[in-house]
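Here are the chains, one letter per residue:
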Amino acid sequence: MATGVIQFKTEEEIELMRAAGQLLARAHGEVAALVREGATTRQLDRRAEEFIRDNGATPSFKGYNNFPYSLCLSPNSVVVHGFATDEPLKGGDILSVDCGVFLNGYHADSAYTYPIGEVSPEVRQLLKETEASLYKGIEQAISGNRVGDISFAIQNHVAPKGYGVVRELVGHGVGAKLHEKPEVPNYGKRGSGPLLQTGMTLAIEPMVTLGKKDVVQEKDGWTIRTRDKKPAAHFEHTVVVRKDKAEILTSFSYIEKALQ
Ligand code: MG
Ligand code: MG
């Protein structure tokens, strides 16, 4: 997936990534305003692409290894990389919306999982704890730590609650390329893996399941689903490793505003 060496960013480059992250946050807000029972994921995909292009940017995912959409739209047991469809969303569903924006030479990457209407208490808890695990991971994205500290913090938040942590898909460096070194697994040992240093930009993205951790890929070559068909949640931010506290370049604030 990611090739090459870790790309450290200058403050000038981080400024450009911050702009990409801000636009991505707003694109998520545009999508959030449309997420409801009866909406189709194709409508969400169209809105995201239109908004991103209207703002002088490109959707990072569309055409990436021939991926056909601007969003990855992953309902229920789909973990990631789902396609847009004309099937209306139903109450009780959940939907992961993953989006990337390419602006002025840099990517930002972020994902959020929505409840559609009323979802069961156990699914609502899955969403809450997966999002919480993202912030546990981000807390560890400080210089002097190692990638394994992020991985452990995520796993240690969700695994004791009985959730599955997907192994086959991982977070990653992000910058001029959508997927850069290092890989950022959502499971691992404290103090292991590459050293984190100021200027590393990472997409941290826990993928957590209500059942077992095993996943399968569908025949379309993209869609990743849980083997046991139980629901999966996915939350992602793009962050910069800093000395005392990671800086989050993306934001869920526009989503949260739209959901109020
Ligand atoms: Mg993503
Ligand atoms: Mg990503």
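Up top is the structure.
Structure report, in brief.

In this section: helix 2 (residues 41–54). Taking 1.5 Å per residue as the helical rise, helix 2 with its 14 residues ought to reach 20 Å, and the 20 Å between its terminal C-alpha atoms agrees with that figure. When helix 2 is considered as a whole, its buried residues turn out to be Thr-41, Leu-44, Asp-45, Ala-48, Glu-49, Phe-51 and Ile-52. End-on, the buried residues of helix 2 take up no more than an arc of 165 degrees, which puts them together on one face. Those residues of helix 2 that are exposed and aimed more than 90 degrees away from the buried face are Arg-46 and Asp-54. Packing partners of the buried residues in helix 2 comprise helix 1 (11–32), strand 1 (58–59), strand 2 (71–75) and strand 4 (94–103). After helix 2 finishes, the residue Gly-56 shows a positive phi value of roughly 75 degrees.

In this section: the coordination of the magnesium ion (ligand 2). Within the protein, the atoms that donate to the magnesium ion (ligand 2) are Asp-109 (OD), His-172 (NE2), Glu-205 (OE) and Glu-236 (OE), at distances of 2.1 to 2.3 Å. Taken in chain order, the donor set of the magnesium ion (ligand 2) reads D-x62-H-x32-E-x30-E.

Here the structure, examined in full by the defined rule, presents twelve salt bridges. As a salt-bridge pair, Glu-180 and Lys-9 come within 2.7 Å of each other at their nearest N and O atoms. One end of the pair, Glu-180, is in strand 8 (residues 180–184); the other, Lys-9, is in the segment before helix 1, and 171 residues separate them in sequence. Under the relative-accessibility criterion, Glu-180 is labelled buried at 5%. Given a relative accessible area of 8%, Lys-9 falls into the buried group. Here Glu-49 ties to Arg-53 by a salt bridge, and the two come within 2.8 Å at their closest N and O atoms. Note that Glu-49 and Arg-53 are positioned in helix 2 at a spacing of four residues, about one turn of the helix. Overall, the relative accessible area of 41% leaves Arg-53 in the partly exposed class. The structure contains a network of salt bridges with shared partners spanning Glu-11, Glu-15, Arg-18, Arg-242 and Glu-247.

A few words on the packing of aromatic side chains. For any pair of aromatic rings, the description consists of the separation of the ring centres together with the inter-plane angle of the planes. Within the structure shown, the criterion is met by eight aromatic pairs. On the numbers, 5.1 Å between centres and 80 degrees between planes, the contact of Tyr-112 with Phe-235 is edge-to-face. Of this pair, Tyr-112 sits in strand 5 (residues 106–115) while Phe-235 sits in the loop between strand 13 (232–234) and strand 14 (237–240), placing them 123 residues apart in sequence. Take Tyr-112 and Phe-235: they sit in the same class, and that class is buried. Three or more aromatic residues joined by ring pairs make a cluster, and in this case those are Phe-67, Tyr-69, Phe-83 and Trp-222. One cation-aromatic arrangement involves Arg-167 over Tyr-187; the distance from NZ or CZ to the ring centre is 4.4 Å.

This part is about the coordination of the magnesium ion (ligand 1). The reference angle at a metal is 109.5 degrees if four donors form a tetrahedron and 90 or 180 degrees if six donors form an octahedron. Protein coordination of the magnesium ion (ligand 1) is provided by Asp-98 (OD), Asp-98 (OD), Asp-109 (OD) and Glu-236 (OE), with donor distances spanning 2.0 to 2.4 Å. Sequence spacing among the residues donating to the magnesium ion (ligand 1) works out to D-x10-D-x126-E. Here the magnesium ion (ligand 1) and the magnesium ion (ligand 2) are spaced 3.2 Å apart, with Asp-109 acting as a shared donor. Of this pair, Asp-98 sits in strand 4 while Glu-236 sits in the loop between strand 13 and strand 14, placing them 138 residues apart in sequence. With a relative accessible area of 6%, Asp-98 lands in the buried category.

Reading the values: the criteria
- Residues numbered from 1 in each chain as written.
- Chains lettered and ligands numbered in written order.
- Predicted model: local features only at pLDDT ≥ 70, side-chain atom pairs only at ≥ 80, totals over all residues.
- Heavy atoms only, no water.
- Helix = DSSP H or I, 4+ residues; strand = E, 2+ residues; numbered from the N terminus.
- Expected span 1.5 Å × (residues − 1).
- Buried < 20%, exposed > 50% of the residue type's maximum accessible area, 1.4 Å probe, protein only.
- Arc of directions from axis to C-beta.
- Contact = heavy atoms within 4.5 Å.
- Donors = N, O, S within 2.8 Å, 3.2 Å for Na, K, Ca; no water.
- Salt bridge = Lys/Arg side-chain N within 4 Å of Asp/Glu carboxyl O.
- Phe/Tyr/Trp six-rings, centres within 6.5 Å; stacked < 30°, edge-to-face > 60°.
- Lys NZ or Arg CZ within 6 Å of the ring centre and 35° of its normal.

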